[in-house]
Amino acid sequence: MKNLNRNTRNIYTRLIITYMLVLIGIIVAMECYIIANFHKEARFNDLENMKSMNQDVYEYLEETASIAEDIHHSLYLNRQQLQDVLWLLDLSLEEYYNKKLGYYTDNKGVDFMGVNSFMSEAISRYANIKNIALISIKNSVMHKYEVDGSLRNAVYELQRDMLNEKTLVIDDSIIFQKIIQDPSTFKTIGYIQVAFDKSGSAKFEKRYNKVKMLVYLDSGEILYATEQKRFQDVASIVENGNFEASYGVKYYRQHKKDINYITYIDNKEFGIIPIADYIMFVLVGLLLLFIGSNIVNWRLRKLTTRLNKILAAMEKAMEGDLNIQLEVGHEDELDIISEYFNEMCCNLDSYIQKSYIAQIEQKTAEMQALQSQINPHFLYNTLEAIRMQAICNDDKEVGKMLYGLAVVFRSQIKEDNIITLAKEVYYCKKYVELFEFRYKNKFKFVLNFPEIYIQVPIIKFIIQPIIENYFVHGIRLEDENNILSINIYEAEDDLIIEIKDNGKGMPESQIIEKLNEMKQEGNSRGSIGLLNVHRRMVATYGNDYGLGIRQNNPNGLIVTIKIPFRGESNV
């Protein structure tokens, strides 16, 4: 016998390899999808950071420009302060101090709100101011007020391109220059310059990490750049649309007034996922693979365990143990196999029991029918010798009787257990012929046998015992109108053989007793009559088939034989 369990290892190996490949494929596809989405999200975030930083820088410079404007505007709000500034810008330092001393003397020491107080208040009000300078056009002198309160005076040569209000970049400062005019003459006598430290924009670089910044004037002068030395002739490059290609960056630009704001990220850093995220993806993928492989392994082991149980049960069934039953309860394909296996074992066991019982019943019927001290073969040969002698003596009637009896004996001796319905009917006719010689003109035999049923297989000796029962117990010898008929017809998927007579019949109570006796299990004894025939049929065809008995009004009985009709596969 083959070892079936070894095949489960092959199935398990193939399934685990298949499922693992599928699982790895799914995890890799999922990782690629997640990484692609992270790249997309990173690019989106980088672009948003560039926009946000660009806006923050713009707002910061607007704020500084607004502060410079506020300081310039507040200069004209205090007449005393404005007058002091005008003296400082229009007069030499010596004249300025004499003028200021005379004013102080004339006003008898009243507090004088001059340029010093104005500068001190402005610097203290705005924390991000680096210094404030007043420039005299007439004297070419700059008076610079530092945040620590010190004052530095220096010669300052105004260039032609610096005679208007504008934004300047000098060293590390961003300077907003405003014109100072004498309100009485509207003559420009100087400028006020409010300086802010360029490093004030650097705080945004820390906030936005890899985003870098470039701020320049329309003239091309750079106000602030994260990488000052990197950019040359930036204005023309931007205007020509070659900024990305020239510097290898992704950038965002906005233009306000005369200032251009550009935030950018190098291409090699744009949309890049940090290495820590890649490590996290790998670890998560390995974790999912570990969990998935364990789940798959657990499920497959459970599956192969159930499969091993089925194979073990099959091996027991092959060894002859048909009482084995498999557990059913998971409601899957293996449960269907288990359920069919259980049903097959039950049906097979039932079939074996029926076949075994049928054989026993058949052999018992044959033995009881032929039980005699005379050997059946010897009896058959003797009858044949007597028949031939009767024919030689010209006694044809005796010859015919002996021939009919010999046919009946030969069918019992030589035929198989399964014969055609035509042969069964033929033997019955020969049996009836014996009684026609004995009871001449006492009965009439009618046979209604359609030709389509002649090849229907049937177990032998199921009609003859019923006919014999009629001649032994049912025929009315005192009358000559006895009728015995056999009718064969279909009823749904069954074939009905109806044996009907108008003989003595049987009381209803006796019919019920006989039917109850046929329903009980056990072997019949004493004859091959109705009970034996019924039990052989049940053993062969099942409990739905066998004999039926009912009264034939006004006289006699109707015995029905019910067999399955399935073409040529009845038994």
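Keep in mind that what you see is a predicted model, and the values were worked out from it rather than measured.

Caption draft 1: A look at the overall build of the protein chain. What the protein chain contains, in helices and strands, is 15 helices and 17 strands. In the protein chain, which comprises 571 residues, the proportion classed as buried is 41%. Partitioning the contacts of the protein chain with sequence separation of at least 6, the portion at a separation of at least 24 is 63%. As displayed, the protein chain offers around 32,900 Å² of accessible surface, 53% of which is attributable to carbon and sulfur atoms.

Caption draft 2: Highlighting the pairing of strand S14 (residues 482–491). Bridge analysis of strand S12 (residues 443–448) against S14 gives 6 bridges, and the strand direction is parallel. Its bridge partner being in S14, Phe443 is matched across the sheet by Asn482. Judged from the 8 bridges that link them, S14 and strand S15 (residues 494–501) form a sheet pairing that is antiparallel. Within S15, the position partnered with Leu484 by the bridge is Asp501. Counted between consecutive antiparallel strands, the loop separating S14 from S15 contains 2 residues, among which Glu492 sits at a positive phi close to 60°.

Caption draft 3: A look at empty space enclosed by the protein. Tallied over the entire structure, the rule returns 1 cavity of 30 Å³ or more. Within this model, the largest cavity holds a volume of roughly 30 Å³. Taken together, Tyr60, Leu61, Thr64, Ile174, Phe176, Phe196, Asp197 and Lys198 form the lining of the largest cavity. Where the lining of the largest cavity is concerned, the elements lending two or more residues are helix H1 (5–75), strand S5 (173–182) and strand S6 (187–197). Residue contributions to the lining of the largest cavity peak at 3 residues, all from H1. Considered class by class, the residues forming the lining of the largest cavity number 5 nonpolar, 1 polar and 2 charged.

Caption draft 4: Representation of the pairing of S15 in the model. Burial analysis of S15 places 7 of its 8 residues in the buried class, which makes it a mostly covered element. Relative to strand S17 (residues 557–564), S15 runs antiparallel, the two being bridged by 7 bridges. Within the sheet, the bridge partner assigned to Lys500 lies in S17 and is Ile558.

Caption draft 5: Inspection of the side chain of Gln177 at higher detail. Mapped onto the fold, Gln177 is located in strand S5. By relative accessible area, which is 1% here, Gln177 ends up buried. Polar side-chain contacts of Gln177 include one of 2.6 Å to the side chain of Gln193.

Caption draft 6: Focus on the sheet that holds S6. Pairing within the open sheet is antiparallel, and its 6 strands lie in the order S3-S2-S1-S6-S5-S4. Each edge of the sheet is formed by a strand with only one pairing partner; in this case those strands are strand S3 (151–155) and strand S4 (166–170). Neighbour-to-neighbour, the strand axes of the sheet open up by a mean angle of 25°, direction not taken into account. Note that strand S1 (residues 129–136) and strand S2 (residues 141–146) share 6 bridges and pair antiparallel.

Caption draft 7: Just the nonpolar core, in detail. If you look at the biggest cluster of nonpolar residues, it comprises 48 residues, and the most contacted ones within it are Ile71, Ile132, Leu134, Ile180 and Val215. Those residues in contact with Val215 that sit more than four places away from it in its chain are Val57, Leu61, Ile222, Leu223, Tyr224, Ile259, Asn260 and Tyr261. By size, the runner-up hydrophobic cluster in this structure holds 43 residues, among which are Leu421, Phe435, Ile475 and Leu495.

Caption draft 8: Geometry of the state of the cysteines. One pass over the structure, following the stated rule, counts 0 disulfides. Between Cys345, a free cysteine, and Cys346, which holds the nearest cysteine sulfur, the sulfur-to-sulfur gap is 7.0 Å.

Caption draft 9: Region of interest: a nonpolar patch on the surface. Judged by side-chain polarity, Ile275, Tyr278, Ile279, Val282, Leu283 and Leu286 come together as a nonpolar surface patch covering roughly 590 Å² of accessible area. Relative to the elements of secondary structure, Leu286 occurs in helix H8 (residues 275–318).

Caption draft 10: Quick look at the sheet that holds strand S8 (residues 222–225). Taken together, 4 strands build an open sheet; the order of strands is S8-S7-S10-S9 and the sheet is antiparallel. One side of each edge strand has no neighbouring strand; the edge strands of this open sheet are S8 and strand S9 (249–256). On average, each strand axis in the sheet is inclined to that of its neighbour by 15°, with strand direction left out of account. By the bridge criterion, 3 bridges tie strand S7 (residues 212–217) to S8 in an arrangement that is antiparallel. When the bridges of S8 are listed, Tyr216 appears paired with Ile222.

Caption draft 11: Main features of helix H2 (residues 79–90). Over its 12 residues, H2 runs 16 Å from end to end, which matches the ideal 16 Å to within 8%, given 1.5 Å per residue. Every buried residue of H2 is listed here: Gln81, Leu82, Asp84, Val85, Leu86, Trp87, Leu88 and Leu89. Structurally, the start of H2 carries an N-cap: the backbone nitrogen of Gln80 is 3.0 Å from a side-chain oxygen of Asn78.

Conventions and cut-offs
- For every chain, the first residue of its written sequence is number 1, and the numbers climb from 1 along that sequence.
- At least 70 in pLDDT is required for a residue's local features to be given in this predicted model, at least 80 for side-chain atom pairs to be given and counted, and no such filter applies to totals for whole chains, interfaces and linings, which use all residues.
- Hydrogens and waters are ignored; side-chain quantities use all the structure's heavy atoms.
- Counting from the N terminus, the helices are the DSSP runs of H or I reaching at least four residues and the strands are the DSSP runs of E reaching at least two.
- A simple rule labels every residue: compare its accessible area, found with a 1.4 Å probe on the protein chains alone, to the largest value its type can have, and call it buried under 20%, exposed over 50%, or partly exposed in between.
- Note on contacts: a residue pair qualifies if any of its non-hydrogen atoms lie within 4.5 Å across the two residues.
- In these tables, accessible area is a Shrake-Rupley quantity obtained with a 1.4 Å probe, and a residue counts as shielded only by the protein chains included in the view.
- For two strands to count as paired, DSSP must find a minimum of two bridges between them.
- Site definitions follow a grid-based scheme: protein atoms alone, a 1 Å grid, a 1.4 Å probe that fits but cannot get out for cavities, and for pockets an open set with protein on both sides within 12 Å along at least five of seven lines, plus lining residues having an atom within 4 Å of a point.
- Grid points are joined across faces, edges and corners, and a volume is the space filled by probe spheres set on the points.
- Residues are grouped as follows: Ala, Val, Leu, Ile, Met, Phe, Trp, Tyr, Cys and Pro are nonpolar; Asp, Glu, Lys and Arg are charged; every other residue, Gly included, is polar.
- Pairing of N or O atoms within 3.5 Å defines a polar contact, subject to two protein rules: one partner must be a possible hydrogen donor and the other a possible acceptor, and residues neighboring in sequence count only if both atoms are side-chain atoms.
- In this analysis an axis means a line fitted to C-alpha atoms, helices contributing only their contacting stretch, and an angle means the value between N-to-C directions, from 0 to 180 degrees.
- Put simply, buried Ala, Val, Leu, Ile, Met, Phe, Trp, Tyr and Cys residues joined by side-chain atoms within 4.5 Å make one nonpolar core.
- Disulfides are defined in this document as cysteine sulfur pairs within 2.5 Å.
- To count toward a patch, a residue needs a relative accessible area over 30% and no salt bridge; like charges are then connected within 9 Å, while nonpolar side chains (Val, Leu, Ile, Met, Phe, Trp, Tyr) are connected within 5 Å.
- Criterion for a salt bridge: a side-chain nitrogen of Lys or Arg within 4 Å of a carboxyl oxygen of Asp or Glu.
- Working rule for helices: expected span equals 1.5 Å times residues minus one.

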